[in-house]
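# Architecture at a glance
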Amino acid sequence: MSPSGTSDPNCLFCKITRKDIPANIVSEDDEFVAFRDINAQAPSHVLVIPKEHIRNISEAGDAEQLGKLFQKACQVARSEKLDGGFRVVVNTGDDAGQTVHHVHVHVMGGRRMNWPPG
Ligand code: AMP
Ligand code: ZN
């Protein structure tokens, strides 16, 4: 359970937070977990999530928590040595292709990224 108490028993990423299912965790603190994406789209592809169950950034009410989430993403980029640059992606809702409805920041790097995205 997250410090603030919200956890969804059926949510995949809440299960990872609770260690009910395994993940390749790269860093963790009281509020956030970062783990490797199971279907990496770049040499380095890490997901950063709050432990609190929030469905997407539109439903996140806490600006400080969102700011920290992006700081964590930058810490991950540093620890992954993505000195040449990296991409952060936050898919939000069905049209964006969000498949796991627990807010997460993709941190991707280690190759040249293309634009526009698909
Ligand atoms: P999104 O499409 O933005 O919702 O991203 C969800 C991401 O979660 C995808 O990139 C999946 O590859 C990734 N994913 C799904 N299941 C797992 C898992 N068990 N461990 C790590 N990453 C996962
Ligand atoms: Zn969740």
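Described below are features of the structure shown in this document. (Residues numbered from 1 in each chain as written. Chains lettered and ligands numbered in written order. Predicted model: local features only at pLDDT ≥ 70, side-chain atom pairs only at ≥ 80, totals over all residues. Heavy atoms only, no water.)

### Let's talk about the overall build of the protein
Assigned secondary structure in the protein consists of 2 helices and 5 strands. For the protein, the α and β elements follow one another from N to C terminus as α-β-β-β-α-β-β. Relative to the 2.2 N^0.38 estimate, which gives 13 Å for 118 residues, the radius of gyration of the protein is 14 Å and therefore close to what a compact globule would have. Each principal axis of the C-alpha atoms in the protein carries an extent, and together these give about 40 × 30 × 30 Å. Within the protein, the proportion of its 118 residues that are buried is 36%. Of all intrachain contacts in the protein linking residues separated by at least 6 positions in sequence, the fraction that spans at least 24 positions is 53%. Summed over its atoms, the accessible surface of the protein is roughly 7000 Å², and 49% of this surface lies on carbon and sulfur atoms. (Helix = DSSP H or I, 4+ residues; strand = E, 2+ residues; numbered from the N terminus. Rg over C-alpha atoms; globule rule 2.2 N^0.38 Å. Buried < 20%, exposed > 50% of the residue type's maximum accessible area, 1.4 Å probe, protein only. Contact = heavy atoms within 4.5 Å. Areas by Shrake-Rupley, 256 points an atom, 1.4 Å probe, with all protein chains shown as cover.)

### Some remarks on the coordination of the zinc ion (ligand 2)
Bound to the zinc ion (ligand 2) are the protein donor atoms C11 (SG), C14 (SG), H53 (ND1) and H102 (ND1), situated 2.0 to 2.3 Å from the metal. In primary-sequence terms, the residues that donate to the zinc ion (ligand 2) follow C-x2-C-x38-H-x48-H. Pair noted here: C11 is in the segment before helix 1 (12-17) and H102 is in the loop between strand 4 (87-89) and strand 5 (105-109), with a separation of 91 residues, a long-range link. The two residues C11 and H102 agree in class, both being buried. (Donors = N, O, S within 2.8 Å, 3.2 Å for Na, K, Ca; no water.)

### Let's talk about a nonpolar patch on the surface
Among the surface-exposed residues, F70, F86 and V88 lie close enough to one another that they form a single nonpolar patch of about 230 Å² accessible area. By the element assignment, F86 lies in the loop between helix 2 (63-79) and strand 4. Exposure remark for F86: the relative accessible area of 37% places this residue in the partly exposed category. (Patch = residues over 30% accessible without salt bridge, like charges linked within 9 Å, V, L, I, M, F, W, Y side chains within 5 Å. Salt bridge = Lys/Arg side-chain N within 4 Å of Asp/Glu carboxyl O.)

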